[in-house]
Amino acid sequence: MIAKLYGVGRVLKGKLCVPGDKSISHRAIMFSSLVKGKTVVEGFLPSEDCLSTMDIFQKLGVSIEREGTKLTIEGKGMEALEAPAGSLYCGNSGTTMRLMAGILSGQTFSSVLFGDESLEKRPMGRVLSPLSKMGAKISAEGEKCTAPLKIEGSALKGICYESPISSAQVKSAVLLASLYAKGETVYTEPSLSRDHTERLLSAMGADIETRILKDGKAEIHLRPGKDLHPIPGIFSVPGDISSAAYFMAACFFLPGSEVLLESVGLNESRSGILDVLSNMGAKFQILNKKTIGGEERGDVLLTYGKLRGTEIAGALIPRLIDELPVLAILATIAEGETVIKNAEELKVKESNRIRAVVENLTSLGIPCVETEDGMRISGQDGIFPLKGKRIPSFKDHRIAMSFAVLGLLCSKESPMEIEDAECISISYPGFFKDLEKLLDGNPEVC
Ligand code: S3P
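Cut-off values and rules
Residues numbered from 1 in each chain as written. Predicted model: local features only at pLDDT ≥ 70, side-chain atom pairs only at ≥ 80, totals over all residues. Heavy atoms only, no water. Near = heavy atom within 4 Å. Polar contact = N/O pair within 3.5 Å; in protein donor to acceptor, adjacent residues only side chain to side chain. Helix = DSSP H or I, 4+ residues; strand = E, 2+ residues; numbered from the N terminus. Nonpolar A, V, L, I, M, F, W, Y, C, P; charged D, E, K, R; others polar. Domains from an automatic or database assignment. Buried < 20%, exposed > 50% of the residue type's maximum accessible area, 1.4 Å probe, protein only. Core = buried A, V, L, I, M, F, W, Y, C linked by side-chain atoms within 4.5 Å. Contact = heavy atoms within 4.5 Å. Pairing = 2+ DSSP bridges. Axes fitted to C-alpha atoms, helices over the stretch in contact; angles between N-to-C directions. Buried area = accessible area lost by both parts, 1.4 Å probe. Salt bridge = Lys/Arg side-chain N within 4 Å of Asp/Glu carboxyl O. Phe/Tyr/Trp six-rings, centres within 6.5 Å; stacked < 30°, edge-to-face > 60°. Lys NZ or Arg CZ within 6 Å of the ring centre and 35° of its normal.

(A) Molecular detail of the site of the ligand. The full set of residues close to the ligand is Ser-23, Arg-27, Thr-95, Arg-98, Ser-167, Ala-168, Gln-169, Arg-194, Ile-321, Asp-322 and Lys-349. Contact distances for the ligand include 2.7 Å between an oxygen atom and a side-chain N or O atom of Ser-23. Elements with a contribution of two residues or more to the shell around the ligand: helix H1 (22-34), helix H3 (94-105) and helix H5 (168-178). In the shell around the ligand, the residues fall into 2 nonpolar, 4 polar and 5 charged. Counting only domains with at least three residues in the shell around the ligand, you end up with domain 1 (3-20 + 238-439) and domain 2 (22-224).

(B) Geometry of H5. Most of H5 is tucked away, with 11 of its 11 residues classed as buried. Restricting attention to buried positions, one finds in H5 the residues Ala-168, Gln-169, Val-170, Lys-171, Ser-172, Ala-173, Val-174, Leu-175, Leu-176, Ala-177 and Ser-178. Among the residues of H5, the N-terminal cap falls to Ser-167, whose side-chain oxygen and the backbone nitrogen of Gln-169 are separated by 3.3 Å.

(C) Molecular detail of the nonpolar core. In this structure, Met-248, Phe-253, Leu-261, Leu-330, Phe-403, Leu-406 and Phe-431 are the most contacted members of the largest nonpolar core, which totals 81 residues. Broken down by element, this core gets its largest block of residues, 8 residues, from helix H7 (residues 241-250). Beyond its immediate sequence surroundings of up to four residues, Leu-406 is in contact with Phe-253, Ile-329, Thr-332, Leu-361, Leu-364, Ile-366, Leu-386 and Met-416. Core analysis: the second largest hydrophobic core is formed by 66 residues, Ala-136, Leu-201, Met-204 and Ala-206 among them.

(D) Spatial organisation of the sheet that holds strand E22 (residues 368-371). Taken in spatial order, the 4 strands of this open sheet run E20-E21-E23-E22, and their pairing is mixed. Of all the strands in the sheet, the pair left with one neighbour each is strand E20 (311-312) and E22. Sheet analysis places strand E21 (residues 337-340) next to strand E23 (residues 374-378), joined by 4 bridges and oriented antiparallel. Paired with Ile-340 across the strands is Met-375, a residue of E23. Strand contacts of helix H10 (residues 353-363): E22 and E23, with the helix running at about 160 degrees to E22, the strand carrying the most contacts.

(E) Highlighting the domain arrangement of the protein. Split into domains, the protein comes out as domain 1 (3-20 + 238-439) and domain 2 (22-224). Placing the centre of domain 1 and that of domain 2 at their C-alpha centroids yields a distance of 28 Å. With 26 residues of domain 1 at the contact, the number on the domain 2 side is 24 residues. Both sides of the domain 1 and domain 2 interface together cover about 2,100 Å² of buried area, and 47% of this is carbon and sulfur. If you sort the residues of domain 1 by the area they bury against domain 2, Arg-270, Glu-350 and Ile-426 come out on top, with a joint share of 25%. Our enumeration of links across domain 1 and domain 2 arrives at 4 salt bridges. Where Asp-322 meets Arg-194, a salt bridge forms, and the shortest distance between an N and an O atom there is 3.2 Å. Per-class residue counts for the side of domain 1 that touches domain 2 are 9 nonpolar, 7 polar and 10 charged.

(F) The packing of aromatic side chains, seen in detail. Under the defined criterion, the tally for this structure stands at 7 aromatic pairs. A centroid spacing of 6.1 Å and a plane angle of 65 degrees characterise the contact between Phe-247 and Tyr-428, whose relative ring orientation is edge-to-face. Note that Phe-247 is positioned in helix H7 and Tyr-428 in the loop between strand E25 (416-418) and helix H12 (431-439), a separation of 181 residues in sequence. Taking the relative accessible area as the measure of exposure, Phe-247 reaches 0% and is therefore buried. Between the aromatic rings of Tyr-428 and Phe-431, the centroid separation amounts to 5.5 Å while the plane-to-plane angle is 65 degrees, which identifies the pairing as edge-to-face. There is no split in this pair, since Tyr-428 and Phe-431 are both buried. Among the aromatic side chains, those forming a connected cluster through ring pairs are Tyr-246, Phe-247, Tyr-428, Phe-431 and Phe-432. In this arrangement the basic side chain of Arg-10 is found over the ring face of Tyr-6, its NZ or CZ atom lying 4.5 Å from the centre.

As structure tokens, then:
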């Protein structure tokens, strides 16, 4: 599918409830499936990635019923997953494959995880290495330590592991495996990555503790053996700040725009985009802040204004890793240069996101440079209207949605055309509909 986008002469106005958080939706299924008892999840994200996780747990014998964004999960307990009849398909989802590798390593049966073309190119050594140290019998059947992953369930032991990267997928794989292990696991990462796993495990009764060390490293201690229980009451998933990010950025592309994004997850380990917006001089307010089930959420009200370039680097990177493509797009209209550093992880996402952004911006005539660990973008006040072009999405949902936002600089006569735009369904199936509604000034999109 080719999506055509334009915004000249339009404004973005109204309020929007962005769909549920992808990371938390995956974890809602996984964690609720592992404990004995019923969990009701509200605000689940029914995107392709999360449906891959749901399908896998159904194949492992867990009863999960879905009505729209509501799930009813009947967990049977940590030891009660059943051997699957065949290989387990993770689709495009790195979170599914890496977290499942942790869970399946501690089972008493064998399993195989495979994925689509993109997922089978992504590095799996990062999970194989710590899991093998725990005693997991896991091998990567692909050429470069890539999927399919073959896992023979085995007895595991706790480890002390210092990860070279801040990755919540690796951390979660190890923490999930450590639930099945003998002895404590201590996991250290260079700076705290998203901590939904730790918050959820703690809310379910696990003996888990996070220490932030003087040098900024995060050290997580998990002592297994506690009986975990389902999340009490309703498991309510907040809106995904990574999906909200496209509208946060879009608001600054069209003069006169004002958008209220409701019930957005504001967990500190995910909200780096708000720090960057502040540094760029963006006008926004957080309203109705509250904490539900250990996760903060609130409404974000954004008003159009001019922005300045900034630097995005260091410990900020894991707090906004998925928002970097759209922040790079936002940098194109900010005064001065924006520099993104320490973001080499972008090269191993659903596409090489540094290359994808730089190639597309360059082909549109916007000055930017690819660097070893990021990119530099020169903001252009005068690129409005932008002459649209047909550009690839690299079949990467975040690249497709980021360039849709840039398309708002184009006129109806010369729109931005994005190839393979159906890939947005990986994380945000209703994205184009929501964008169109806000562009027409619809006051209610919830
Ligand atoms: C995720 C962690 C991040 C993020 C991904 C979701 C998760 O990946 O980019 O979209 O749910 O744990 P890494 O752990 O590879 O940084």
